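# Working through the structure, step by step
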Amino acid sequence: MIDRAPKYSQNNLHFFPQFEDFFDSSPDLLCIAGFDGYFKRINPAMTKLLGYTEEEILSSPINDFILEADKLTTTNARKELTQDIGLYNFENRYVTKSGAIVWLLWSSFPVAKDRLVYAVAKNITFRKEMEQERNLHLAELTKLNKELRQLTYTTAHDLRSPVNNILAVFDLLDKSTITDPETLELISIIEISTQSLKKTLIDHVALLDKKNEEDDQLEVLHFEVVLKEVLDSINSLVHNSKAKISIDFSEAETILFNKTSLKSIFLNLITNSIKYSKPGFLPFISFNSLTINGTTQLIISDNGIGFDMEKVKDKIFGLHQTFNSNKDSNGIGLYLVYNHVTNLGGHIDVESTPNKGAKFTITFKS
């Protein structure tokens, strides 16, 4: 198709007849765009989704329809297309005529000799909303589960003291002075029941301790191996963002930690670094480890937009805390990172300056 593509003019575009029905009836968004930043042809699915007429879309720059927060990344991606580099699995947000925001997943291929780009996009808004809802539920569930576990443990543990006090009363009680058989029988029943309650509480606390140990199962992990697994799982995101990643775990190659927790720490900090990269700069993320006084530290830093630490202070790891205008931000990632670290006895510090990136230092329990 590319080799046989006809010459197009802006006002007189023609397909081969056999492609017309496919183009016009496709449920996906199909379009042809020019290197000048304007759509040259669009299919009905695009006008239906965006709510604009075909004339309105064709007569306005493509950037006019893109969410402000995504314009820079889209412009950078379009520059590559003009250099004859295809673009695959690229996500950005468009604003419809009604003001609604829709997520689109693009695959685009340039034809340099015609100065045109052929592109197809899928509407992934529902998927994105489901992902955000899932993340919200996950964070809430994590929070509630932690609180419930702590409440159950505390209740079972604290009840043992009054139970022991009751049993101590029985030890002090001189039963030889009690002559009524029914009273002696009643005292015996209460004592046996209290002993049974004490055993139940001891067993319950032991069961909770065992469950906590299973949930927080530790193993010797290689930082680089776990990081590679995470990077492989988000390969498209890293590739499309053109993020540069520096890795140096030579000083401390391994850590005794929970694998799921470490993967989540890497995943959330990487995606945050890409999401909050500084406009006009490619994301740069560095990973390195240190050993200080027998304690292992993991340092993850980036060159993104950073935080104003005077303003965010201790809110930075709070649930649903957001500190920028990115509408895709939900304040969950850093909350999860903090809980993964502290639940296993570690500590996390943040150093940051606006527009100069952020540095996270995780100190593991020795």
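Residues numbered from 1 in each chain as written. Predicted model: local features only at pLDDT ≥ 70, side-chain atom pairs only at ≥ 80, totals over all residues. Heavy atoms only, no water.

Cut-off, in case you're wondering: UniProt positions are given in the numbering used here, feature names are shortened, and annotations may be inferred rather than shown by experiment.
Under an unreviewed UniProt entry, the protein chain has the name histidine kinase and belongs to Flavobacterium tructae. Entered under Catalytic activity (unreviewed entry) in the UniProt record, the comment concerning the protein chain runs "ATP + protein L-histidine = ADP + protein N-phospho-L-histidine."

## Side note on the overall build of the protein chain
Put simply, the rule is: In this description a helix means any DSSP run of H or I spanning at least four residues, a strand means any run of E spanning at least two, and both kinds are numbered starting from the N terminus. Note on classification: 1.4 Å probe, protein chains only; a residue is buried when its accessible area is under 20% of the maximum for its type, exposed when over 50%, partly exposed between these limits. Contact between two residues is taken to exist if any of their heavy atoms lie within 4.5 Å; hydrogens are not considered. To measure how exposed things are, a 1.4 Å probe is used in the Shrake-Rupley method; for residues, cover is taken only from the protein chains shown.
Check the secondary structure of the protein chain and you find 11 helices and 12 strands. Taken over 366 residues, the protein chain has a buried fraction of 38%. A separation of at least 24 residues holds for 59% of the contacts in the protein chain among residues at least 6 apart in sequence. Here the protein chain has roughly 21100 Å² of accessible surface; of this, 55% comes from carbon and sulfur atoms.

## Thoughts on the nonpolar core
The condition that has to hold: Note on terminology: a nonpolar core comprises buried Ala, Val, Leu, Ile, Met, Phe, Trp, Tyr and Cys residues joined through side-chain atoms within 4.5 Å.
Ranked by internal contacts, the top residues of the largest apolar core, which has 33 residues, are Leu262, Phe266, Ile270 and Leu298. Residue assignment for this core shows that the elements contributing at least two residues are α7 (223–233), β8 (254–257), α9 (259–275), β9 (284–292), β10 (295–302), α11 (333–343), β11 (347–352) and β12 (358–363). It is α9 that provides the largest number of residues to this core, a total of 6 residues. In this structure Leu262 touches Leu221, Phe223, Val226, Ile255, Phe257 and Leu298, once residues within four positions along its chain are discounted. Listed in part, the 24 residues of the second largest apolar core include Phe65, Ala77, Val102 and Ala121.

## Considerations on a nonpolar patch on the surface
Worth spelling out the cut-off: Like-charged residues are merged into a patch within 9 Å and nonpolar side chains (Val, Leu, Ile, Met, Phe, Trp, Tyr) within 5 Å, provided each residue has over 30% relative accessible area and no salt bridge. What counts as a salt bridge is simple: a side-chain nitrogen of Lys or Arg found within 4 Å of a carboxyl oxygen of Asp or Glu.
A cluster of nonpolar residues, Leu218, Val220 and Leu256, forms a patch on the protein surface that exposes about 280 Å² of accessible area. Examined against the element boundaries, Leu218 turns out to sit in the loop between α6 (181–215) and β6 (219–222).

## Some points on the sheet that holds strand β7 (residues 244–248)
As a reminder of what qualifies: DSSP bridges decide pairing: two strands pair if at least two such bridges lie between them. Helix axes use the C-alpha atoms of the stretch in contact, all axes being lines fitted to C-alpha atoms, and the angles between their N-to-C directions lie in the range 0 to 180 degrees.
Taking strand neighbours across the sheet as the criterion, the 5 strands line up as β7-β9-β10-β12-β11 in an open arrangement whose pairing is mixed. Of all strands in the sheet, those with a lone pairing partner are β7 and β11, marking the two edges. The sheet shows a mean angle of 15° between the axes of neighbouring strands, taken without regard to direction. Direction of pairing for β10 relative to β12: antiparallel, over a ladder of 5 bridges. When the bridges of β12 are listed, Leu298 appears paired with Ile362. Strand contacts of α11: β11 and β12, with the helix running at about 140° to β11, the strand carrying the most contacts.

## Points about the side chain of Thr363
Note the cut-off: For the purposes of these results, a polar contact is taken to be a pair of N or O atoms within 3.5 Å, where, inside protein, one atom must be able to donate a hydrogen and its partner to accept one; residues adjacent in sequence count only when each atom of the pair is a side-chain atom.
Position of Thr363 relative to the elements: it lies in strand β12. Only 3.1 Å separates the side chain of Thr363 from the side chain of Gln297, close enough to count as a polar contact. Apart from the residues within four sequence positions on either side, Thr363 is in contact with Thr295, Thr296, Gln297, Gly346 and His347.

## What to know about the packing of aromatic side chains
Selection criterion: Two aromatic rings, drawn from Phe, Tyr or Trp (for Trp, its six-membered ring), form a pair once their centres lie within 6.5 Å of each other, and the interplanar angle then sorts them: stacked below 30 degrees, edge-to-face above 60, tilted otherwise. We call a charge positioned over a ring when the NZ of a Lys or the CZ of an Arg lies within 6 Å of the ring centre and within 35 degrees of the ring normal.
This model, assessed by the stated rule, comprises 6 aromatic pairs. Centroid distance Tyr94 to Trp106: 6.0 Å. Interplanar angle 40°. Geometry classified as tilted. With Tyr94 in strand β3 (residues 87–95) and Trp106 in strand β4 (residues 101–111), the pair connects residues that are 12 residues apart, well separated along the chain. Of the two residues, Tyr94 and Trp106, both sit in the buried class. One residue, Lys128, lies across the ring of Trp103, its end atom 4.5 Å from the ring centre.

## Let's talk about the packing of α9 against α11
The test is simple: For classification purposes, an angle smaller than 35 degrees is called roughly parallel, one larger than 145 roughly antiparallel, one from 65 to 115 roughly perpendicular, and anything else oblique. By convention, the crossing between two helices is left-handed when the near helix turns anticlockwise from the far helix through less than a right angle, and right-handed when the turn is clockwise. Note on residue categories: nonpolar means Ala, Val, Leu, Ile, Met, Phe, Trp, Tyr, Cys or Pro, charged means Asp, Glu, Lys or Arg, and polar means any other residue, Gly included.
Contact geometry for α9 and α11: axes closest at 9 Å, N-to-C directions at 150°. By the angle between their axes, α9 is roughly antiparallel relative to α11. In this structure, the crossing between α9 and α11 has a hand that is left-handed. Here Ser261, Ser264, Ile265, Asn268, Leu269 and Asn272 of α9 come into contact with α11, specifically with Gly333, Leu334, Leu336, Val337, His340 and Val341. Split into classes, the residues belonging to the contact of α9 with α11 amount to 6 nonpolar, 6 polar and no charged.

## Observations regarding unusual backbone geometry
Positive phi is not limited to glycine here, since Lys242 has a value of about 60°. Structurally, Lys242 can be placed in the loop between α8 (235–241) and β7. Relative accessible area serves as the criterion here: at 27%, Lys242 is assigned to the partly exposed category. Within the chain, Asn355 stands out as a residue other than glycine whose phi angle is a positive 65°.

## Re the sheet that holds strand β1 (residues 29–34)
Within the open sheet, the 5 strands sit side by side as β2-β1-β5-β4-β3. Their pairing is antiparallel. Of all strands in the sheet, those with a lone pairing partner are β2 (39–42) and β3, marking the two edges. Averaged over all neighbouring strand pairs, the angle between strand axes comes to 30°, with direction disregarded. In this structure, β3 lies alongside β4, joined through 7 bridges in antiparallel fashion. The residue of β4 that forms the bridge with Arg93 is Trp103.

## Structural notes on α7
To keep things clear, this is the line we draw: Each direction from the helix axis to a C-beta atom contributes to the arc, which is the arc of those directions.
Looking at α7, one finds that the buried residues are Phe223, Val226, Leu227, Val230 and Leu231. In a view along the axis of α7, the buried residues occupy a sector of 135°, so they form one face of it. The outward face of α7, more than 90 degrees from its buried face, is lined by the exposed residues Glu224, Lys228 and Ser233.

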